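Each chain, written out:
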Protein chains: 2
Amino acid sequence: MPKLWNETIEAHRRAVHDAILDATVELAAEHGAMTVTMSQIAEKSGIGRATLYKYFPDVPAILLAWRDREIATHLARLVEARDRSDEPGRRLAAVLDTYAGNQRDRLRHHALLGPELGALLHRHHHATDAHRQVTELLRDLIADAARSGSVRADVPPAELATYCVHALHAAAALPSAAAVRRLVAVTLAGLRTP
Amino acid sequence: MPKLWNETIEAHRRAVHDAILDATVELAAEHGAMTVTMSQIAEKSGIGRATLYKYFPDVPAILLAWRDREIATHLARLVEARDRSDEPGRRLAAVLDTYAGNQRDRLRHHALLGPELGALLHRHHHATDAHRQVTELLRDLIADAARSGSVRADVPPAELATYCVHALHAAAALPSAAAVRRLVAVTLAGLRTP
C-alpha cells in the first residue's frame, strides 16, 4: 500500500512542521523573538537538532513559515465564512465580520512577537499576495451582492473591496469585540445603495 | 525697531530652511535619497556649506524636517477645510475630502523618495502624533454632526473617526481622483443614521 504509506509520512512531516512553528512562537513570546535559538526550538518541540535542520535552516525561516501558516489560516477562514451561506448579502457580511476578526488576531500576534519582528514579517512578500487574494475575494462577493441589489452599484466592486479592506483594518485599533461589530456594521452601511 | 528686525531675521531663517528642504527633496527625487550629500544640497539651495551645517547636522535630519513640514501642511489643510463652513455635516464632508487628498499626496511623495525612505519617514514618531491629532479633529467634528442629526449617534464618535481614517487610507490605493471622490462618498454613507 504505497499510497497510504506516503500519506502517513506526509501527515507526520506536517505534524513535526507544525510542532516546530508552535514551539518557536511560544519561545519568542516568552523570551523575545530575537533571542530564540535552534537548540531551544529542538528541545521545546521534542525533536533532535539534526531533524530540526532537515526542516528549517534557521530561526527567521521558521518565523516566516509561521507567518505563512497564519496567512493561510486567515484566508481559509474567509473562504469558510463565504461558503456558509448562499445569499450574496449574507455571505458578504459574514466575510467582512471574519476579516475584522482576523485583524484583531494579527494585532495580538504582532504584540506577541514585538513590533520589530511584526513589521519584518508584515513586509514579507506573501503579505502582499494575501492582500491581493482577500481584495479579489471581496470584489467578487460585492459584485454578486450588487447584482442581487443588496449593495450599491454606483461604485465599481474593486473600489468597494479596497474600501472594505482599509476600513476593517481599523479593527486592530479598537478596544473591544463590541466596537469591532459596530465597525463592521458601519462599513456595511457604506456599501448600501444610497 | 528690534521687533521688526527679529521678524526679518525669522523670515529669512524660514526661507533658507524651506529652500534647503526643497533642494534636498528635488535631489532625492533625481538621484535617489540614499545618495544625496550635504555638498550637493548646499550647491542646489545656493548657500554655503558652513551655513547649511548651522541649520542641519546631516541629510537624515533634513529629510525628517521635510517630513514634519509635510505633516504640518496636511494638518493645516484639514483645519482650513473645517473652518470653511459652519454647518457640521458640510464641515465633516470637507475634512474627509481633504484627508483623502492628503493620502494621495503622501503616496506621491513616498513614490518620489522610494519605498525604503518612505517607510523610514513614515515610522517617525511625529507620524503617530499627527495621526492622533487627525483622529481627534475628526472625532470632534463627528460628535458635532451627530448632535445636529447628520451622522449616526449609535456608534461612539471616536470609533467613527477611527473608521474614517482607515477607510480613507484606501485613497492611496485608488487609480484616479474620481475613484477617491467615490471613496469619500462611500465612507460618508457609512456614517449616516441607519
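Residues numbered from 1 in each chain as written. Chains lettered and ligands numbered in written order. Predicted model: local features only at pLDDT ≥ 70, side-chain atom pairs only at ≥ 80, totals over all residues. Heavy atoms only, no water.

- If you check an unreviewed UniProt entry, chain A appears there as Transcriptional regulator, TetR family from Micromonospora auratinigra.

## Some remarks on the overall build of chain A
- A count of helical and extended segments in chain A gives nine helices and zero strands.
- For chain A, the succession of helices and strands along the chain, N to C, is α-α-α-α-α-α-α-α-α.
- Projected onto the principal axes, the alpha-carbon positions of chain A cover approximately 60 × 45 × 25 Å.
- Sorting the 194 residues of chain A into buried and exposed places 45% on the buried side.
- When the accessible area of chain A is evaluated, it comes to approximately 10,000 Å², of which 57% is carbon and sulfur surface.
- In chain A, 24 positive and 23 negative side-chain charges are present, and the distance between their average locations comes to 2 Å. (Helix = DSSP H or I, 4+ residues; strand = E, 2+ residues; numbered from the N terminus. Buried < 20%, exposed > 50% of the residue type's maximum accessible area, 1.4 Å probe, protein only. Areas by Shrake-Rupley, 256 points an atom, 1.4 Å probe, with all protein chains shown as cover. Lys, Arg positive; Asp, Glu negative; His and termini not counted. Charge placed at Lys NZ, Arg CZ, Asp CG, Glu CD.)

## Regarding the interface of chain B and chain A
- At the junction of the two partners, chain B supplies 23 residues and chain A supplies 23 residues.
- Contact between chain B and chain A buries roughly 1,700 Å² in total, counting both sides, with carbon and sulfur atoms accounting for 71%.
- On the chain B side of the interface with chain A, the three residues burying the most area are B:E159, B:Y163 and B:V186, jointly 31% of the side's total.
- At the boundary of chain B and chain A, one finds two salt bridges.
- Between A:R182 and B:E159 there is a salt bridge; the shortest N-O distance is 2.8 Å.
- Linking chain B to chain A there are three residue pairs in polar contact (both at pLDDT 80 or more). (Contact = heavy atoms within 4.5 Å. Buried area = accessible area lost by both parts, 1.4 Å probe. Salt bridge = Lys/Arg side-chain N within 4 Å of Asp/Glu carboxyl O. Polar contact = N/O pair within 3.5 Å; in protein donor to acceptor, adjacent residues only side chain to side chain.)

## Quick notes on the layout of surface pockets
- Here the second largest pocket is characterised by a volume of approximately 160 Å³.
- Lining the second largest pocket are A:A173, B:H131, B:R132, B:T135, B:E136, B:R139, B:A158, B:A161, B:T162 and B:H166.
- Listed by contribution, the elements that provide at least two residues to the lining of the second largest pocket are α7 (125-147) and α8 (157-169) of chain B. (1 Å grid on protein atoms, 1.4 Å probe; cavity = no way out; pocket = protein on both sides within 12 Å on 5 of 7 lines; lining within 4 Å. Points joined across faces, edges and corners; volume = space filled by probe spheres on them.)

## A word on empty space enclosed by the protein
- For the structure shown, the criterion picks out two cavities of 30 Å³ or more.
- Looking at the second largest cavity, its volume works out to about 40 Å³.
- Secondary-structure elements contributing two or more residues to the lining of the second largest cavity are α9 (177-191) of chain A together with α8 of chain B.
- When grouped by side-chain class, the residues that make up the lining of the second largest cavity number seven nonpolar, no polar and two charged. (Nonpolar A, V, L, I, M, F, W, Y, C, P; charged D, E, K, R; others polar.)

## Notes on the UniProt feature "domain: HTH tetR-type" (unreviewed entry) in chain A
- UniProt records the feature "domain: HTH tetR-type" (unreviewed entry) at residues 14-74 of chain A, using the numbering of this structure.
- From the first C-alpha to the last, residues 14-74 of chain A spans 19 Å; its make-up is 80% helix and 0% strand. (UniProt positions renumbered as here; feature names shortened; annotations may be inferred.)

## Comments concerning the packing of α8(B) against helix α9 (residues 177-191) of chain B
Residue and element names in this part refer to chain B.
- Across the interface, α8 lies against α9 with an axial gap of 10 Å and an inter-helix angle of 160°. It follows from the interaxial angle that α8 and α9 lie roughly antiparallel. Seen from above, α8 lies across α9 with right-handed handedness. The residues of α9 that touch α8, namely those facing L160, Y163, C164, A167 and L168, are L183, V184, V186, T187, G190 and L191.
- The residue inventory of the contact of α8 with α9, partitioned by class, reads nine nonpolar, two polar and no charged. (Axes fitted to C-alpha atoms, helices over the stretch in contact; angles between N-to-C directions. Parallel < 35°, antiparallel > 145°, perpendicular 65-115°, else oblique. Left-handed = near helix turned anticlockwise from the far one by under 90°.)

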